[in-house]
Amino acid sequence: MTDYKIINDPVFGFIKIPRGILLDIVRHPLMQRLTRIRQLGLTQEVYPGAQHTRFQHSLGALHLMSEALISLQQKGIFVFDSEVEAVQAAILMHDIGHGPFSHVLENTLISGITHEEISLMMMDRINNEMHGALTLAINIFKNEYPKRFLHQLISSQLDMDRLDYLRRDSFFTGVTEGNIGSARIIKMLNVVDDALVVESNGIYSIENYLTSRRLMYWQVYLHKTTVGCENVLINALHRAKALAAKGTELFASPALRYFLYNDVDANSFQSDAKALDNYIELDDNDIWSALKVWQHHDDKILSLLASNIVNRRLFKVEVREEEPTEEEIQALKVSLSATYGIEEADCQYLMGVNKVQKDMYNPFDDHISILYKDGTLKDITVASEILNIELLSKKICKYYLCYQRF
């Protein structure tokens, strides 16, 4: 028997999973749950190929982490075997707390707690089952371990998470602009004063990486049709939650029912094991099953919104530089009320305004430092000939006005 398991990945080819803790994590039910959660939520409505899962992404991030560690060790950066395994385990589990449809649940059915915090709760649960074998991995994940560069490999402006999802999302959507040179970037990584840096030979790959990241956000992650579709789903869940609060009977799986008929926040997760237990049971299938039934519900608004998603009748989306005025929003509500025969107060469910801000690079976050052969370091904003700090750090702000088509 070999000392590793081989998984064939469409992006990186054969990925080796060492037997032991890492393979045990891959096989754990909490990781297998990610096979039922799509990486890009409703982006499939724009790019039909975007059907890949968070499980695939986690395996890809693990592969890149393994490559990065080998590259650093070959350059004389000493990493204990226990640290290698721990940082691999941490990147493998970094997305374990994600709910269905990416961040949609965080804004609707639960409040006051992020998927990162839920990830830590799940890691703690697996760690207890493994009798503390993941304690080091959790400490690195939380940035509570002395070797800071190990945490940077998991979470920074140049981490293995981002390197995988840009390559993977580019591959499955077919948006070639996001196809970054991840192998080249990894080979150019080094460590100086316990911080991750990039050798000067890799500067062009970093310039391409930052540019590709910007293009992927506006072409894929923040595509107006994706934002409009997510708006429909969020409003459908808000409407279902409001109906549940009034005692209306709704079809839902036991896990989804728990979140519809209870107000679940951070305190719920900390004080009642049922919150995490039900969250663990949730995946994309719970939401889709409910929507398919809700489109036949007596409530006109819930039925309309559910039918919109199931049959791809999406909100119309207007992208603007300025925030819509109160007068515009009120006029829209009047028109929606007249067209669909519902109260003006309920028209909030048939529209939405999203403010989106994004920058390419945050100079106040972990810097991407370029290492020259004479040992000097320069931030990418100084080292690059084609990028400048104003362009890189400028927050682009757009307003998405979404509403039910007339």
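Coordinates for the structure precede this section.
Residues numbered from 1 in each chain as written. Predicted model: local features only at pLDDT ≥ 70, side-chain atom pairs only at ≥ 80, totals over all residues. Heavy atoms only, no water.

Caption draft 1: How the structure looks around unusual backbone geometry. Within the chain, Asp194 stands out as a residue other than glycine whose phi angle is a positive 65°. Relative to the elements of secondary structure, Asp194 occurs in the loop between β4 (189-192) and β5 (195-199). Here Asp194 falls in the partly exposed class, since its relative accessible area comes to 29%. (Helix = DSSP H or I, 4+ residues; strand = E, 2+ residues; numbered from the N terminus. Buried < 20%, exposed > 50% of the residue type's maximum accessible area, 1.4 Å probe, protein only.)

Caption draft 2: View of the packing of helix α3 (residues 54-74) against helix α8 (residues 160-173). Between α3 and α8, the least distance of the axes is 8 Å, while the angle of their chain directions is 130°. Taken together, the axes of α3 and α8 lie oblique to each other. The hand of the α3/α8 crossing is right-handed. Note on element contacts: α8 touches α3 through Met160, Asp161, Leu163, Asp164, Tyr165, Arg168 and Phe172, opposite Gln56, His57, Gly60, Ala61, Leu64, Met65 and Ala68. Taken together, the residues of the contact of α3 with α8 break down into 8 nonpolar, 3 polar and 3 charged. (Axes fitted to C-alpha atoms, helices over the stretch in contact; angles between N-to-C directions. Parallel < 35°, antiparallel > 145°, perpendicular 65-115°, else oblique. Left-handed = near helix turned anticlockwise from the far one by under 90°. Contact = heavy atoms within 4.5 Å. Nonpolar A, V, L, I, M, F, W, Y, C, P; charged D, E, K, R; others polar.)

Caption draft 3: View of helix α15 (residues 284-294). Of the residues making up α15, those classed as buried are Asp284, Asp286, Ile287, Trp288, Ala290, Leu291 and Trp294. The elements touched by buried residues of α15 are α11 (224-245), α12 (254-260), α14 (273-281) and α16 (300-310). Of the residues flanking the start of α15, the one acting as N-cap is Asp283, its side-chain oxygen 2.8 Å from the backbone nitrogen of Asn285. (Polar contact = N/O pair within 3.5 Å; in protein donor to acceptor, adjacent residues only side chain to side chain.)

Caption draft 4: Main features of the packing of aromatic side chains. For the coordinates displayed, the defined rule picks out 9 aromatic pairs. Measuring from centroid to centroid gives 4.8 Å for Phe78 and Phe80, while their planes differ by 85°, and the two rings are edge-to-face. Overall, the relative accessible area of 56% leaves Phe78 in the exposed class. When the centroid spacing of 6.4 Å and the interplanar angle of 75° are considered together, the rings of Phe259 and Tyr279 count as edge-to-face. Linking Phe259 in helix α12 with Tyr279 in helix α14, this pair joins segments that are 20 residues apart in sequence. (Phe/Tyr/Trp six-rings, centres within 6.5 Å; stacked < 30°, edge-to-face > 60°.)

Caption draft 5: Spatial organisation of the sheet that holds strand β11 (residues 396-403). The strand order across the open sheet formed by 3 strands is β7-β11-β8, and the pairing between neighbours is antiparallel. At either end of the open sheet lies a strand with only one pairing partner, and these are β7 (316-320) and β8 (351-358). The average angle at which neighbouring strand axes cross in this sheet is 20°, direction not considered. Two elements, β7 and β11, share 5 bridges in a ladder whose sense is antiparallel. Within β11, the position partnered with Val317 by the bridge is Cys402. (Pairing = 2+ DSSP bridges.)

Caption draft 6: Broad picture of empty space enclosed by the protein. For the structure shown, the criterion picks out 1 cavity of 30 Å³ or more. Each pocket or cavity is described by its volume, and for the largest cavity that value is around 80 Å³. In terms of lining residues, the largest cavity is bounded by 12 residues, among which Ser156, Leu158, Leu196, His367 and Ile368 are the most central. In terms of residues, the lining of the largest cavity owes the most to one element, β5, which gives 3 residues. (1 Å grid on protein atoms, 1.4 Å probe; cavity = no way out; pocket = protein on both sides within 12 Å on 5 of 7 lines; lining within 4 Å. Points joined across faces, edges and corners; volume = space filled by probe spheres on them.)

Caption draft 7: The pattern of salt bridges, seen in detail. This model, assessed by the stated rule, comprises 16 salt bridges. With its nearest N and O atoms 3.1 Å apart, the salt bridge here joins Lys75 to Glu199. Of the two residues, Lys75 is situated in the loop between α3 and α4 (81-92) and Glu199 in strand β5; the sequence distance between them amounts to 124 residues. Judged by its relative accessible area of 30%, Lys75 is partly exposed. Between Asp277 and Arg125 there is a salt bridge, and its shortest N-O distance comes to 2.8 Å. One end of the pair, Asp277, is in helix α14; the other, Arg125, is in helix α5 (residues 115-129), with 152 residues separating them in the sequence. Salt bridges sharing partners connect three or more residues here, namely Asp9, Asp164 and Arg168. (Salt bridge = Lys/Arg side-chain N within 4 Å of Asp/Glu carboxyl O.)

Caption draft 8: Expanded view of the sheet that holds β4. Pairing is mixed in the open sheet, where 4 strands are placed in the order β4-β5-β9-β10. Only two strands of the sheet have a single neighbouring strand rather than two, namely β4 and β10 (377-379). Each strand axis lies, on average, 45° off the axis of its neighbour in the sheet, ignoring direction. For β4 and β5, the ladder comprises 4 bridges, and the chain directions are antiparallel. Residue Val192 lies in a different strand from β5, and its bridge partner there is Ala195.

Caption draft 9: Examining the environment of Ile25 more closely. Structurally, Ile25 can be placed in helix α1 (residues 21-27). For Ile25 and Met130, which are 105 residues apart along the polypeptide, the C-alpha to C-alpha distance reads 9.7 Å. Contact partners of Ile25, with chain neighbours within four places excluded, come to Met31, Ala89, Leu92, Met93, Met130 and Leu134.

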